[in-house]
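# Per-entry structural report
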Amino acid sequence: MSDGKQGGEVRGWLRSIEVFSGPLPEFAPEQAPEDPVPSLPVLASDAVADGLRDPHAMTLSTLDEAGDPDARVRILKGVSVAGWQFAGHGFSPKGRQPAVHPRAALTFYWP
Ligand SMILES: Cc1cc2nc3c(=O)[nH]c(=O)nc-3n(C[C@H](O)[C@H](O)[C@H](O)COP(=O)(O)O)c2cc1C
């Protein structure tokens, strides 16, 4: 932080930042479909209609060669029953890691 906040000051400052400021859309997790793929285009277009920028930006979490977590932001290029598509250099960490540990998590933040 540019003004040099430290320790407890940072904690207090972080906790003072407004979060989940309304109005929030209604969401009933128990009614959400088990499989997010069919509803993703609908949810994404609703998000765009609500003014959200880059709804197709997502955090891709993988495991590195040592099994430690790694993550970065990617643009979703396609989604279907066949899987989730994204692009990047195959020799970068995100390209190499899935070859060693073929598991990943995708996180979207759509306020
Ligand atoms: C909004 C946003 C979208 C991004 N989309 C991509 C993308 O589609 N493909 C890509 O290779 N990197 C993308 N990046 C850059 C990656 O997040 C990352 O910094 C870079 O690819 C290095 O990742 P790696 O070292 O884990 O391989 C994006 C970054 C941002 C902030």
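Now for a look at the structure at hand. Because the structure is predicted, anything quoted here is derived from the model rather than measured. (Residues numbered from 1 in each chain as written. Predicted model: local features only at pLDDT ≥ 70, side-chain atom pairs only at ≥ 80, totals over all residues. Heavy atoms only, no water.)

### Re the packing of aromatic side chains
On inspection of all chains with the given rule, the structure shows two aromatic pairs. Centroid distance W84 to F108: 6.3 Å. Interplanar angle 40°. Geometry classified as tilted. One end of the pair, W84, is in strand β3 (residues 83-86); the other, F108, is in the segment after β4 (105-107), with 24 residues separating them in the sequence. The partly exposed category is assigned to W84, whose relative accessible area is 30%. Its relative accessible area of 22% is what places F108 among the partly exposed residues. One aromatic cluster is present, formed by W84, F108 and W110 through successive ring pairs. (Phe/Tyr/Trp six-rings, centres within 6.5 Å; stacked < 30°, edge-to-face > 60°. Helix = DSSP H or I, 4+ residues; strand = E, 2+ residues; numbered from the N terminus. Buried < 20%, exposed > 50% of the residue type's maximum accessible area, 1.4 Å probe, protein only.)

### Regarding the pairing of strand β2 (residues 69-80)
Where strand β1 (residues 57-63) and β2 come together, seven bridges link them in antiparallel fashion. Following the sheet pairing, A57 is matched in β2 by I75. Linking β1 to β2, which pair antiparallel, is a turn of five residues; within it G67 sits at a positive phi near 90°. Pairing of β2 with β3, which is carried by four bridges, proceeds in the antiparallel orientation. Each residue of the ladder has a partner; that of L76, found in β3, is F86. Counting the residues that bridge the hairpin from β2 to β3 gives two residues. (Pairing = 2+ DSSP bridges.)

### Considering the site of the ligand
Close contacts around the ligand come from R72, V73, R74, I75, A87, G88, S92, P93 and K94, and that covers them all. Within the backbone of V73, an N or O atom sits 2.5 Å from an oxygen atom of the ligand. Measuring from an oxygen atom of the ligand, one finds a backbone N or O atom of I75 at 3.2 Å. The protein chains hide 56% of the 620 Å² of surface that the ligand would expose on its own. Of all the secondary-structure elements, those providing two or more residues to the shell around the ligand are β2 and α3 (93-100). Among the elements that line the shell around the ligand, the one with the most residues is β2, at four residues. Classifying every residue of the shell around the ligand by side-chain character gives four nonpolar, two polar and three charged. (Near = heavy atom within 4 Å. Polar contact = N/O pair within 3.5 Å; in protein donor to acceptor, adjacent residues only side chain to side chain. Areas by Shrake-Rupley, 256 points an atom, 1.4 Å probe, with all protein chains shown as cover. Nonpolar A, V, L, I, M, F, W, Y, C, P; charged D, E, K, R; others polar.)

### A word on a nonpolar patch on the surface
Residues V19, F20, L24 and Y109 make up a contiguous nonpolar surface patch of roughly 490 Å² in combined accessible area. Note on placement: F20 falls in the loop between α1 (7-16) and α2 (40-49). Overall, F20 belongs to the exposed group, its relative accessible area being 60%. (Patch = residues over 30% accessible without salt bridge, like charges linked within 9 Å, V, L, I, M, F, W, Y side chains within 5 Å. Salt bridge = Lys/Arg side-chain N within 4 Å of Asp/Glu carboxyl O.)

### Concerning the side chain of D64
You can see D64 is positioned in the loop between β1 and β2. Despite being buried, D64 has no salt bridge partner; R96 is the closest side chain of opposite charge, sitting 8.4 Å away. For D64, the residues in contact, after removing those within four places along its chain, are Q97 and H101. (Lys, Arg positive; Asp, Glu negative; His and termini not counted. Contact = heavy atoms within 4.5 Å.)

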